[in-house]
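Examination of the molecular architecture
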Amino acid sequence: MSNQIPKAILVDVVPLESSKIEAYQRLEELESLVKTYGGIVVVKTIQKRGLPDYKTFIGRGKIDEIIEDGKAKSANIIIINNIVKPRQLYELGELFRLANIEVWDRIDLILKIFDKHAQSSEAKLQIDLARIRHMGPRIFKMGGELMQQEGVRGTRGGPGETNTEIMKRHLRTQEQNIMDKLKHYDLIQAGHRKRRKRQYYKTAALVGYTNAGKSSIMRALTGKDVYIADELFATLDTKVGKLFIQETYQEILISDTIGFIQDLPPFLIQAFKSTLAEAIDADLLLHVIDVADPMYKQKIEVVENILEQLDLQDKPKIYVFNKIDLINLEEKEELKKEAVVDEGPEPEPKPRTSGILRAGVETARLLGWLNKDADLDDLKNPKTTIKNLKHNYKEFSPVFVSAYAKTNLPVLIKKISEILGKL
Ligand SMILES: Nc1nc2c(ncn2[C@@H]2O[C@H](COP(=O)(O)OP(=O)(O)OP(=O)(O)O)[C@@H](O)[C@H]2O)c(=O)[nH]1
Ligand SMILES: [Mg+2]
């Protein structure tokens, strides 16, 4: 598949009780991931099951159907939107190999995107570490298979060492090497953070779901030239910029880092701890939320969950609802109440280019509810009002901004300054 455009079959196995909206949103997100990777989606399918098939994850009948469909549409890759056991991926690999279709799970795809976007050697090392932890068991399984088929006994290593053992040992050594190298970066960065602390810099870290607009806010607040793109996982490294607060002559450091996504296994978060250290060490978290995203609530949950895994649940936090240029006019009246300065005429709203909604109609058709317009409309125009958000999230000092239109940034800066001033 190496030089071809990835033509993907998407499969999601969802529990019987999951709602249509959930199924819809999950497939759409997977499609956005495929687009970010540079692939196209040729088949989409959902299987509702109580439990995944223990051997092949997807049911056998469904597999035959998918192979037929995939062949007809020249698919070269099947991506399963779940975290699949190494054994099951191996079995599936065997079945799809005959049709020249590679089998990936959701994490394989995320790791490939990471690979594409990684800039620094630190990010690359972290991806290698995550890959070994994710792929490792699959490689053992292949080793085991070889051993059974051919009765192979290793000649390297100790006497009588099996292929599986050789492979395990090799992966362990590789993993250790990477961790040693990462430690070196950790030490350098810990040094930087210590120096800043000695200089009495207060720090705020941008966190949030991927594509919420963290890097855009970073650029708007600090002027730092960071990479912004309508892609998932555009940012993989940590960048730090300075925000100068005129009223208090205070300088605050703001850091921008990798975004989160649902179904990230703990090993992957662990592998990126070195990148996330800036957030872990910050005095204040700025949780950025895309206010125009119909799934914002679920995404807030995902982010809060990951913050908990990183032991950050008790840090002071501001909920930064971003992209308010995409919401309707009456809503904007509500915002004027809190503006601290008159910001002049607003620029035209930036058209939303994200693949998320464009892919939506297709998915809705697949799910068989294109005629139920009400459902789809609800999804596109959630009945979220700023008033409700203010009320529901009042403990997190919600602020409503547009990084793009530079709306309400002084309100955000004021809140950052207030909270940090109290610490
Ligand atoms: N309309 C609108 N679009 C925005 C706004 N802020 C960011 N965007 C767009 O949203 C997309 C994602 O922005 P980024 O700043 O790269 O988002 P991020 O949270 O850093 O994303 P990752 O690094 O991928 O996790 C880009 O296409 C931005 O142009 C905004 O205020 N309004
Ligand atoms: Mg970013």
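The notes below deal with the structure included here. (Residues numbered from 1 in each chain as written. Chains lettered and ligands numbered in written order. Predicted model: local features only at pLDDT ≥ 70, side-chain atom pairs only at ≥ 80, totals over all residues. Heavy atoms only, no water.)

1. Remarks on the overall build of the chain
Counting its secondary structure elements, the chain contains 16 helices and 10 strands. Buried positions account for 51% of the 423 residues belonging to the chain. Look at the contacts in the chain between residues 6 or more apart in sequence, and 74% of them connect residues 24 or more apart. Entry remark: accessible area of the chain is about 21,000 Å², with carbon and sulfur atoms responsible for 51%. (Helix = DSSP H or I, 4+ residues; strand = E, 2+ residues; numbered from the N terminus. Buried < 20%, exposed > 50% of the residue type's maximum accessible area, 1.4 Å probe, protein only. Contact = heavy atoms within 4.5 Å. Areas by Shrake-Rupley, 256 points an atom, 1.4 Å probe, with all protein chains shown as cover.)

2. Describing the site of ligand 1
Contacts to ligand 1 come from 24 residues, most closely from Lys214, Ser216, Ala234, Thr235 and Asp325. At a separation of 3.3 Å, an oxygen atom of ligand 1 approaches a polar backbone atom of Glu231. Asn322 is positioned such that a nitrogen or oxygen atom in its side chain is 3.1 Å from a nitrogen atom of ligand 1. Protein burial of ligand 1: of its 650 Å² of free accessible surface, 95% is covered by the chains. Of the residues forming the shell around ligand 1, the biggest block, three residues, is contributed by helix α7 (residues 214-222). (Near = heavy atom within 4 Å. Polar contact = N/O pair within 3.5 Å; in protein donor to acceptor, adjacent residues only side chain to side chain.)

3. Re helix α1 (residues 20-37)
Taking 1.5 Å per residue as the helical rise, α1 with its 18 residues ought to reach 26 Å, and the 26 Å between its terminal C-alpha atoms agrees with that figure. Summarising burial for α1: 14 of the 18 residues are buried, a large majority. Looking at where α1 begins, the residue whose side-chain oxygen comes 3.2 Å from the main-chain nitrogen of Glu22 is Ser19. Phi turns positive one or two residues past the end of α1, at Gly38, with a value near 100°. (Expected span 1.5 Å × (residues − 1).)

4. Concerning the coordination of the magnesium ion (ligand 2)
Those protein atoms acting as donors to the magnesium ion (ligand 2) are Ser215 (OG) and Thr235 (OG1), and they sit at 2.0 to 2.2 Å. Of this pair, Ser215 sits in helix α7 while Thr235 sits in the loop between α7 and β6 (239-245), placing them 20 residues apart in sequence. For Ser215, a relative accessible area of 9% gives the class buried. Its relative accessible area of 15% is what places Thr235 among the buried residues. (Donors = N, O, S within 2.8 Å, 3.2 Å for Na, K, Ca; no water.)

5. Here we look at the side chain of Ser255
Examined against the element boundaries, Ser255 turns out to sit in strand β7 (residues 250-256). Residue contacts for Ser255: discarding those within four places in its chain leaves Ala204, Ala205, Leu206, Met218, Thr238, Lys239, Val240 and Glu278.

6. Quick notes on the environment of Ile113
The topology assignment puts Ile113 in helix α4 (residues 106-117). Taking relative accessible area as the criterion, Ile113 reaches 0% and is therefore assigned buried. For the pair Ile113 and Ala234, spaced 121 residues apart in the sequence, the C-alpha separation amounts to 9.0 Å. Setting aside anything within four residues of it in sequence, one finds Ile113 in contact with Leu33, Thr36, Tyr37, Leu232 and Phe233.

7. A short note on the pairing of β6
With seven bridges joining them, β6 and β7 adopt antiparallel strand pairing. The partner of Lys242 across the bridge, within β7, is Leu253. Between β6 and β7, which pair antiparallel one after the other, the connecting turn spans four residues, and Tyr249 there sits at a positive phi close to 55°. (Pairing = 2+ DSSP bridges.)

Remember that the coordinates give geometry; whether it matters functionally is a separate question.
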